[in-house]
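A closer look at the structure
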Amino acid sequence: MNLIFLGPPGAGKGTMAFRAKEHFKIPHISTGDLFRAAIKNETDLGKQVKSILDAGNLVPDELTTSIVKERLQQPDATNGFILDGFPRTLYQAKALKEFSAIDSVVNFTITEDEVIRRLSGRRVCKSCGESYHIEFIPPSKDGICDKCGGELYTRADDQIDAIKNRLSVYGESTEPLISFYKNEGSLVNVDSSQHPDKVFEDLKAILK
Ligand code: ADP
Ligand code: ADP
Ligand code: ZN
């Protein structure tokens, strides 16, 4: 099953991808995670993209697309994958079509106000990448990941200025993909404003 998770930043794509990768036994490929790992490891790629991510702007299309193309050639992606955060532009969507066939594009729907609340309270595990929320999905122990015991941190781009910029970038560059994939016949909508358990139930039902 080749899936794309689409939706504004903070919609809950990563949270659902964590559940879906275990359920469907397919890898979760997050371009944001790939970039953040490169920044942490201070690779050439990391140095190139750090200021772009911090400001909430988009990494250039060609660079992003070539990274995804390479990642999809890894053996673990042959039986399916979840693309989370890619494509984000029409250029990327059209490029992806040239090297991969997508079964379903899940569009996670949510209001802008709710997204701001979610991003402002997001905490991410340094070790495994799981997302928490100080209010909505708190860890059992403050600052510690339930899954792996890793330390939780606040992403540099989860500050109000970068959040606002990311939302405007989303509206301008990514939202047009909804009609692109509607035309392709592969779009399904999931109401992601609900409790995470209900969002995941709806997701499983719609992919059956
Ligand atoms: P995305 O990957 O789409 O940017 P995340 O999965 O990181 O979004 O979720 C954004 C924030 O919202 C995180 O703090 C996460 O814990 C929280 N969150 C995710 N899904 C829900 C939900 N259904 N209800 C409430 N909070 C949620
Ligand atoms: P969120 O879902 O919270 O917006 P992501 O982890 O998906 O965050 O992405 C973080 C950042 O990584 C983006 O703001 C952008 O700078 C960069 N990025 C991720 N995916 C892409 C992409 N497909 N094209 C360009 N830039 C990307
Ligand atoms: Zn963890």
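Residues numbered from 1 in each chain as written. Chains lettered and ligands numbered in written order. Predicted model: local features only at pLDDT ≥ 70, side-chain atom pairs only at ≥ 80, totals over all residues. Heavy atoms only, no water.

The condition that has to hold: UniProt positions are given in the numbering used here, feature names are shortened, and annotations may be inferred rather than shown by experiment.
An unreviewed UniProt entry lists the chain under the name Adenylate kinase, from Oceanispirochaeta crateris. Taken directly from UniProt, the Subcellular location (unreviewed entry) text for the chain runs: "Cytoplasm". The UniProt entry for the chain carries the following comment under Function (unreviewed entry): "Catalyzes the reversible transfer of the terminal phosphate group between ATP and AMP. Plays an important role in cellular energy homeostasis and in adenine nucleotide metabolism."

1. What about the coordination of the zinc ion (ligand 3)?
Which entries qualify depends on this criterion: Coordination shells were defined by N, O and S atoms within 2.8 Å of each metal, extended to 3.2 Å for Na, K and Ca; water is absent from the atom set, which can make sites look incomplete. A four-donor site is called tetrahedral if each angle lies between 85 and 135 degrees; a four-donor site is square planar, and a six-donor site octahedral, when trans pairs exceed 155 degrees and the remaining angles lie between 65 and 115; all other cases are labelled irregular. Here a strand is any run of E in DSSP of at least two residues, a helix any run of H or I of at least four, and the numbering for each starts at the N terminus. Exposure categories follow from relative accessible area, calculated using a 1.4 Å probe and restricted to protein chains: below 20% of the type maximum is buried, above 50% is exposed, and the middle band is partly exposed.
Binding of the zinc ion (ligand 3) to the protein goes through C125 (SG), C128 (SG), C145 (SG) and C148 (SG), at separations of 2.3 to 2.4 Å. Relative to the metal, the four donor atoms surrounding the zinc ion (ligand 3) lie at angles of 97 to 115°, and the coordination shape comes out tetrahedral. In terms of primary sequence, the donors binding the zinc ion (ligand 3) are separated according to C-x2-C-x16-C-x2-C. One end of the pair, C128, is in the loop between β5 (122-125) and β6 (131-133); the other, C145, is in the loop between β6 and β7 (152-153), and 17 residues separate them in sequence. Given a relative accessible area of 30%, C128 falls into the partly exposed group. By relative accessible area, C145 is classed as buried at 3%.

2. A short note on the pattern of salt bridges
When the charged atoms of two side chains with opposite charge come close together, those side chains can pair. Which entries qualify depends on this criterion: We define a salt bridge as a side-chain nitrogen of Lys or Arg found within 4 Å of a carboxyl oxygen belonging to Asp or Glu.
Counted according to the given criterion, the structure contains 13 salt bridges. In this structure, D33 and R36 form a salt bridge, with 2.8 Å as the shortest nitrogen-oxygen distance. Linking D33 with R36, this pair stays in helix α2 (residues 31-40), spanning three residues, or about one helical turn. Among the ionic pairs, D76 bridges to R71, the shortest N-O distance being 2.8 Å. The exposure class assigned to D76 is partly exposed, which follows from its relative accessible area of 41%. The network of salt bridges with shared partners includes R122, R155, D157, D158 and R166.

3. A few points about the packing of aromatic side chains
Definition in use: By convention, a stacked pair of Phe, Tyr or Trp rings (six-membered ring in the case of Trp) has centres within 6.5 Å and planes under 30 degrees apart, an edge-to-face pair has planes over 60 apart, and any other such pair is tilted.
Taken as a whole and judged by the stated rule, the model has two aromatic pairs. Aromatic pair F5 and F108: ring centres 5.0 Å apart, planes at 75°, arrangement edge-to-face. In this pair, F5 sits in strand β1 (residues 2-6) while F108 sits in strand β4 (residues 104-109), placing the two residues 103 residues apart along the sequence. By relative accessible area, which is 2% here, F5 ends up buried.

4. Here's the deal with the site of ligand 2
The following threshold applies: Summary of the distance rule: residues count as near a molecule or strand when at least one heavy atom falls within 4 Å of that molecule or strand. Pairs of N or O atoms are called polar contacts if they sit within 3.5 Å, as long as, within protein, a hydrogen donor faces a hydrogen acceptor (for residues adjacent in sequence, only side-chain-to-side-chain pairs). Where accessible areas are quoted, they stem from the Shrake-Rupley method and a 1.4 Å probe; at the residue level, only the protein chains shown are allowed to cover. Under the grouping applied here, Gly and all other residues not named as nonpolar or charged are polar, the nonpolar ones being Ala, Val, Leu, Ile, Met, Phe, Trp, Tyr, Cys and Pro and the charged ones Asp, Glu, Lys and Arg.
Of all residues adjacent to ligand 2, which total 18 residues, the nearest are T31, N57, G85, R122 and R166. G85 is positioned with one of its backbone polar atoms (N or O) 2.9 Å from a nitrogen atom of ligand 2. Within the contact set of ligand 2, an oxygen atom lies 2.8 Å away from a side-chain nitrogen or oxygen of R122. For ligand 2, the protein covers 97% of the area, taking 550 Å² as the surface of the free molecule. Among the elements that take part in the shell around ligand 2, α2 stands out by supplying four residues, more than any other. Tallied by class, residues from the shell around ligand 2 come to six nonpolar, six polar and six charged.

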